[in-house]
Amino acid sequence: CNRQSKEVTVVFRGTKNSHNWFQNLKVAMKSYPNPLPITDEYPGREETFGLHTGFALYLMRRRRDIEMTKIEEILNKAESIGKELGDDYKLCITGKILL
């Protein structure tokens, strides 16, 4: 979180092991509902978004310990920080495949 520039950056570490590579091979795109807590209307907001199936298995699997998906956990944290920063913060999401 860069409070001075009002930017919240979510970074995914990318491919790390053979299990990750196996998931990478699941290349089909699947449509998902725009996840909570992003319920506010904003320019360009879509009701659904496309996601790589292998990555979706990681993001959409419900965790047993906190009963949330990884995407819900990430977005809740980003929204919490965003509320602290105010309405004009920027959310950046990035990642990398390690070769």
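Q: What should I look at first to understand helix α3 (residues 70-85) in this one?
A: An α-helical turn contains 3.6 residues, so a residue and the one three or four places further along point in the same direction. Over its 16 residues, α3 extends 23 Å from the first C-alpha to the last, a length consistent with the 22 Å expected when each residue adds 1.5 Å. When α3 is considered as a whole, its buried residues turn out to be K70, I71, I74, L75, A78, I81, G82 and L85. Within α3, the buried residues cover an arc of 130° as seen down the axis, which keeps them to one side. Set apart from the buried face of α3 by more than 90 degrees, the exposed residues are K77, K83 and E84. Looking at the buried positions of α3, the neighbouring elements they touch are β1 (7-12), α2 (53-60) and β4 (90-95). G86 lies just past α3 and shows a positive phi near 110°.

Q: Even after reading the chapter, I still don't get the pattern of salt bridges, so can you show me in this structure?
A: Side chains that carry opposite charge are capable of pairing whenever their charged atoms lie near each other. Using the criterion set out here, one finds six salt bridges in the structure. Close ionic contact of D88 with K6 constitutes a salt bridge, the shortest N to O distance being 3.1 Å. With D88 in the loop between α3 and β4 and K6 in the segment before β1, this residue pair connects regions lying 82 residues apart in the sequence. With its nearest N and O atoms 2.8 Å apart, the salt bridge here joins R63 to E73. Placement of R63 in the loop between α2 and α3 and of E73 in helix α3 is noted, with a sequence separation of 10 residues between them. Taken together, the shared-partner salt bridges connect R63, D65, K70 and E73 into one network.

Criteria and thresholds
Residue positions are given per chain, counted from 1 along the sequence in the order it is written. Local features are withheld for residues below a pLDDT of 70 in this predicted model, meaning they are given only at 70 or higher, and side-chain atom pairs are given and counted only at 80 or more; totals for whole chains, interfaces and linings count all residues. Remark: hydrogens and water are excluded; side-chain values derive from all non-hydrogen atoms of the structure. Helix and strand definitions here come from DSSP, where helices need a minimum of 4 consecutive H or I residues and strands a minimum of 2 consecutive E residues; each element is numbered from the N-terminal end. Every helix has an expected span of 1.5 Å times one less than the residues it contains. Each residue is assigned to one of three classes by its accessible area relative to the maximum for its type, calculated with a 1.4 Å probe on protein chains only: buried under 20%, partly exposed between the two thresholds, exposed over 50%. This arc describes the spread of directions from the helix axis toward the C-beta atoms. By the convention used here, residues are in contact when the closest approach between their heavy atoms is within 4.5 Å. By definition, a salt bridge exists where a carboxyl oxygen of Asp or Glu is found within 4 Å of a side-chain nitrogen of Lys or Arg.

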